[in-house]
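A closer look at the structure
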Amino acid sequence: MSTAATKKPRLTTSAMIASIASEGQRTIAAPFGKALVTLAEQRPEIVGLTADLAKYTDLHLFGQAFPERFFQMGMAEQLLMAAAGGMAKEGFMPFATTYAVFGTRRAFDFVHQVIAEENLNVKLCCALPGLTTGYGPSHQAAEDLALVRAIPGMTVIDPCDALDIEQAVPAIAAHNGPVYMRLLRGNVPLLLDEYDYKFELGKAKLLRGGNDVLLISSGIMTMRSLEVANALAADQVDVAVLHVPTIKPLDTATILAEASRSGRLVVVAENHTTVGGLGEAVATALLTAGVSPQFRQIALPDAFLDAGALPTLHDRYGISTDAMTQTIKTWLA
Amino acid sequence: MNTPSDTGLQAKLAEHAYRIRRFALRMGEVQGQGYVGQALGYADVLAVAYCHAMQLRPDDPQWEGRDRFLLSHGHYAIAFYAALIEAGIIPEDELDTYGSDDSRLPMSGMATYTPGMEISGGSLGQGLPIAVGMALGLRLKGNPAFVYNSMSDGELDEGSTWEAAMGAAHHGLGNLICLVDINNQQADGPSSKVMGFEPLADKWASFGWHVQRVDGNDLSAVIAAFDTARALTEAKPRVILFDTLMGKGVPFLEAREKNHFIRVDPPEWQQALDILDHAQGAAR
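The structure reproduced in this document is the subject of the present report. Keep in mind the model is a prediction, meaning the values are calculated, not measured. (Residues numbered from 1 in each chain as written. Chains lettered and ligands numbered in written order. Predicted model: local features only at pLDDT ≥ 70, side-chain atom pairs only at ≥ 80, totals over all residues. Heavy atoms only, no water.)

Scanning chain B from terminus to terminus reveals 10 helices and seven strands. Here the C-alpha atoms of chain B give a radius of gyration of 18 Å, agreeing with the 19 Å that 2.2 N^0.38 yields for 284 residues. Across its three principal axes, chain B shows a C-alpha extent of roughly 50 × 45 × 40 Å. Per-residue burial for chain B yields a buried fraction of 56% across its 284 residues. (Helix = DSSP H or I, 4+ residues; strand = E, 2+ residues; numbered from the N terminus. Rg over C-alpha atoms; globule rule 2.2 N^0.38 Å. Buried < 20%, exposed > 50% of the residue type's maximum accessible area, 1.4 Å probe, protein only.)

All names here are of chain A. Strand order in this open sheet of five strands is 9-11-10-13-14, and the pairing throughout is mixed. On the outer flanks of this sheet lie strand 9 (205–208) and strand 14 (295–300), each paired with one strand and no other. Looking at each pair of strands side by side, their axes are set apart by 25° on average, direction ignored. Sheet topology places strand 9 next to strand 11 (residues 239–243); three bridges connect them, and they run antiparallel. Bridge assignment links Lys-205 to a residue of strand 11, and that residue is His-243. (Pairing = 2+ DSSP bridges. Axes fitted to C-alpha atoms, helices over the stretch in contact; angles between N-to-C directions.)

Let us look at helix 9 (residues 252–259) of chain A. All names here are of chain A. Among all positions in helix 9, only Ile-255, Leu-256, Glu-258 and Ala-259 are buried. Within helix 9, the buried residues cover an arc of 165° as seen down the axis, which keeps them to one side. Buried residues along helix 9 sit against strand 9, strand 10 (213–217), strand 11, strand 13 (265–273) and helix 10 (278–288). (Arc of directions from axis to C-beta. Contact = heavy atoms within 4.5 Å.)

Here the focus is the sheet that holds strand 6 (residues 155–157) of chain A. Residues and elements named next belong to chain A. Read across the sheet, seven strands follow the order 3-2-4-5-7-6-12 without closing on themselves; strand pairing throughout is mixed. Here the strands that pair on one side only, and so sit at the sheet edges, are strand 3 (70–72) and strand 12 (246–248). Strand-to-strand, the axes of this sheet are offset by a mean angle of 20°, without reference to chain direction. For strand 6 and strand 7 (residues 179–183), the ladder comprises three bridges, and the chain directions are parallel. Within strand 7, the position partnered with Ile-157 by the bridge is Met-181.

All names here are of chain A. The complete set of buried residues in helix 10 reads Leu-278, Gly-279, Ala-281, Val-282, Ala-285 and Leu-286. All buried residues of helix 10 project into a common sector of 165° when viewed along the axis, lining one side. In helix 10, the exposed positions that point more than 90 degrees away from the buried face belong to Leu-287 and Thr-288. As for helix 10, its buried residues are in contact with helix 6 (144–149), strand 10, strand 12, helix 9, strand 13 and strand 14. Just downstream of helix 10 lies Gly-290, where phi reads positive at about 75°.

Moving on, we come to the pairing of strand 4 (residues 93–99) of chain A. All names here are of chain A. Counting buried residues along strand 4, seven of its seven residues qualify, which places the element largely inside the surrounding structure. Two strands pair when backbone bridges link them, and strand 2 (residues 46–50) and strand 4 are joined in this way by five bridges, in the parallel orientation. What sits directly across from Thr-50, in strand 4, is Thr-97. Across five bridges, strand 4 lies against strand 5 (residues 123–127) in parallel orientation. Looking at the pairing, Ala-96 lines up with Leu-124 of strand 5.

Below, the discussion takes up the environment of Gln297(A). All names here are of chain A. Residue position: Gln-297 is located in strand 14. Sequence separation of Gln-297 and Val-266 is 31 residues, and the distance between their C-alpha atoms is 8.6 Å. Contacts of Gln-297, omitting those with residues within four sequence positions, involve Val-268, Glu-270, Thr-274, Gly-279, Glu-280 and Trp-331. Of the polar contacts made by the side chain of Gln-297, one reaches the side chain of Glu-270; its length is 3.1 Å. A polar contact is formed between the side chain of Gln-297 and the backbone oxygen of Thr-274, at a distance of 3.3 Å. (Polar contact = N/O pair within 3.5 Å; in protein donor to acceptor, adjacent residues only side chain to side chain.)

With that out of the way, let us pick up the interface of chain A and chain B. Contacts between the two partners involve 22 residues from chain A, matched on the other side by 28 residues from chain B. Together, the buried faces of chain A and chain B total about 1,900 Å²; carbon and sulfur atoms form 62% of this surface. A salt bridge links Glu90(A) to Arg68(B); the shortest N-O distance between them is 2.8 Å. Across the chain A-chain B interface, the total number found is 10 residue pairs in polar contact (both at pLDDT 80 or more). Those elements that place two or more of their residues in the side of chain A that touches chain B are strand 3, helix 3 (77–89) and helix 5 (108–116) of chain A. The element that contributes the greatest number of residues to the side of chain A that touches chain B is helix 3 of chain A, accounting for eight residues. In the side of chain A that touches chain B, the residues fall into 11 nonpolar, four polar and seven charged. (Buried area = accessible area lost by both parts, 1.4 Å probe. Salt bridge = Lys/Arg side-chain N within 4 Å of Asp/Glu carboxyl O. Nonpolar A, V, L, I, M, F, W, Y, C, P; charged D, E, K, R; others polar.)

At the junction of Lys248(A) and Pro249(A), the peptide bond is cis and its omega measures out at -5° in the coordinates. Mapping Pro249(A) onto the fold places it in the loop between strand 12 and helix 9. Of note, the amide linkage connecting Glu198(B) to Pro199(B) takes the cis form, showing an omega dihedral of 0°. Residue placement: Pro199(B) occurs in the loop between helix 6 (191–194) and helix 7 (200–206). Backbone geometry places Asn119(A), a non-glycine residue, at a positive phi of 55°. Note on placement: Asn119(A) falls in the loop between helix 5 and strand 5. A positive phi angle, near 55°, is found at Leu128(A), a position not held by glycine. Secondary-structure assignment places Leu128(A) in the loop between strand 5 and helix 6. Here Leu128(A) falls in the buried class, since its relative accessible area comes to 5%.

With that out of the way, let us pick up the pattern of salt bridges. One pass over the structure, following the stated rule, counts 28 salt bridges over all chains. As a salt-bridge pair, Lys205(A) and Glu200(A) come within 2.9 Å of each other at their nearest N and O atoms. With a closest N to O distance of 2.7 Å, Arg22(B) and Asp277(B) form a salt bridge. Residue Arg22(B) is located in helix 1 (residues 4–31), and its partner Asp277(B) is located in helix 10 (residues 266–283); the two are separated by 255 residues in the primary sequence. A cluster of three or more residues bridged by salt bridges with shared partners is formed by Glu90(A), Glu64(B), Arg68(B) and Lys141(B).

Residue and element names in this part refer to chain A. You can see His-272 is positioned in strand 13. Within polar-contact distance, the side chain of His-272 engages the backbone nitrogen of Leu-145 at 3.2 Å. The contacts of His-272, once residues within four sequence positions are left out, are Ala-142, Glu-143, Asp-144, Leu-145, Ala-146, Arg-182, Gly-277, Ala-299 and Leu-300.

What follows deals with the packing of aromatic side chains. Within a pair of aromatic rings, the relevant descriptors are the distance that separates the centres and the angle that separates the planes. Residue and element names in this part refer to chain B. All chains considered together, the criterion is met by 15 aromatic pairs over all chains. Aromatic pair Phe-146 and Tyr-148: ring centres 6.3 Å apart, planes at 45°, arrangement tilted. When sorted by exposure, Phe-146 lands in the same class as Tyr-148, which is buried. Ring centres of Trp-204 and Trp-209 lie 4.9 Å apart, and the angle between their planes is 75°; this geometry places the pair in the edge-to-face category. (Phe/Tyr/Trp six-rings, centres within 6.5 Å; stacked < 30°, edge-to-face > 60°.)

Time to look at the environment of Ala150(A). Its location among the elements puts Ala150(A) in the loop between helix 6 and strand 6. Between the alpha carbons of Ala150(A) and His112(A) there is a distance of 9.4 Å; along the sequence they are 38 residues apart.

Nothing here speaks to function; it is all geometry.
Structure below.
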């Protein structure tokens, strides 16, 4: 019989929106909602649509600021995407929000046919990308990037933190055409302000140099990669981190330039299944260009993922800072 | 009882419908097959839409004040191109290119190919939710144009149709008019057998729509239905359910079974045209 003293601390199954911030991490609340409100003050053509997830995508801030430009579509993602396309056809710039699973899997044909096929100016901003909830496969969008990458003309963004989001919002609005942006909402980590960094659509940015390992990452995995780099520095392993917030179109030139430097292990780290995400995109770019470094992928397995507490799951699937650090040490051994 | 002006309008629209049927048959002949049955059945509705009800400028298909007509059932393109030709938006001599490589008139309608084609239909069930967005957009702009979504009865199977039906009513879209062609025929057989949809008028009414159900091959009824839908002042979306007869006007096509996508023997095209010409000649 177990006693309280012998019980391990219990990690509870995550709330729907689990924090992805590390302990002690600085955060900013609702960077997407705030950035959109700021932008919409200058851009009257911006409208906001959601499918019963305004509060959970931070779009409620836009709805409060511009109630006449906010449209609740109900829990109806096909309607959400098609109606966003219809508003774009009438000259508006819709920002449509839902969870990534519903925006991609549920409404895929509507994104493909209504929005992308006509190159309509719709910005899909989808929360809970990859493995950022413990609710199991119903809510885990482990394959969202693979789906939207496959759509011709779709720009695909995977921001790392609050700064990235704040700068990406006006940047995707300045781009005429459909955009899929992975959304981090709630209290979002802030770290890129410590680097000489600015989001530029279509550009990969080297956040730190290093001679032993090149980590190529997007989204929250850039935050993890920077932590891994710090951890490995203690072991005299010198890790470079290349942040790739635009998954499509891919900044092949920068990736090739960095990956061509000899002697470094190239690791692509992504909060996404091994199938069809950044890892495969980078691998294709390298092979096509005849660049063949030692190459490894840190990604979610091609599997239906477990439910549970997010830290447990990130450890289990190898995308926590500790798990990544150990994995890379193994590869270097 | 019809007034003389009603009779004149009907006669005029009957002439337009006859020409739309003729154009559709001539396009069908180009490919030797096609969704000709639907075109013949829906020609009266299209004639009233394009030659009576809608605001449009044939020389400026993108005119901001135009009424929008969304062809959700993209396979009806052959009927729709015929209406666009009759409305003066597409030149008649282009119908010889129907379905050919590099034509502006592909077999399934696409917005990027054809002037006057508002959407890429064909992935069925997409027109109505797009129409909801366009109607919201027009209202936000203060543009009084109507959005017509034209769809087939088969599209009643699609969940997105009913998402949009709820959404349009929720948002009080009085500038949205949905046209449903009920010819009771879809790919696998009679629509009522594939997925029964009755009682259809009650369904739409229960979703919060103003509903009319009329004989889609009775021009006076079709005209009245369009006029009523446009004149309503209620802030609710309107649907007109048109019961139509596939192949209408060409008895041997009306009688043909399994006629979702029909093949017509080469001599039959001229026979069909002759039948239409003869009937229209007698009516004049």
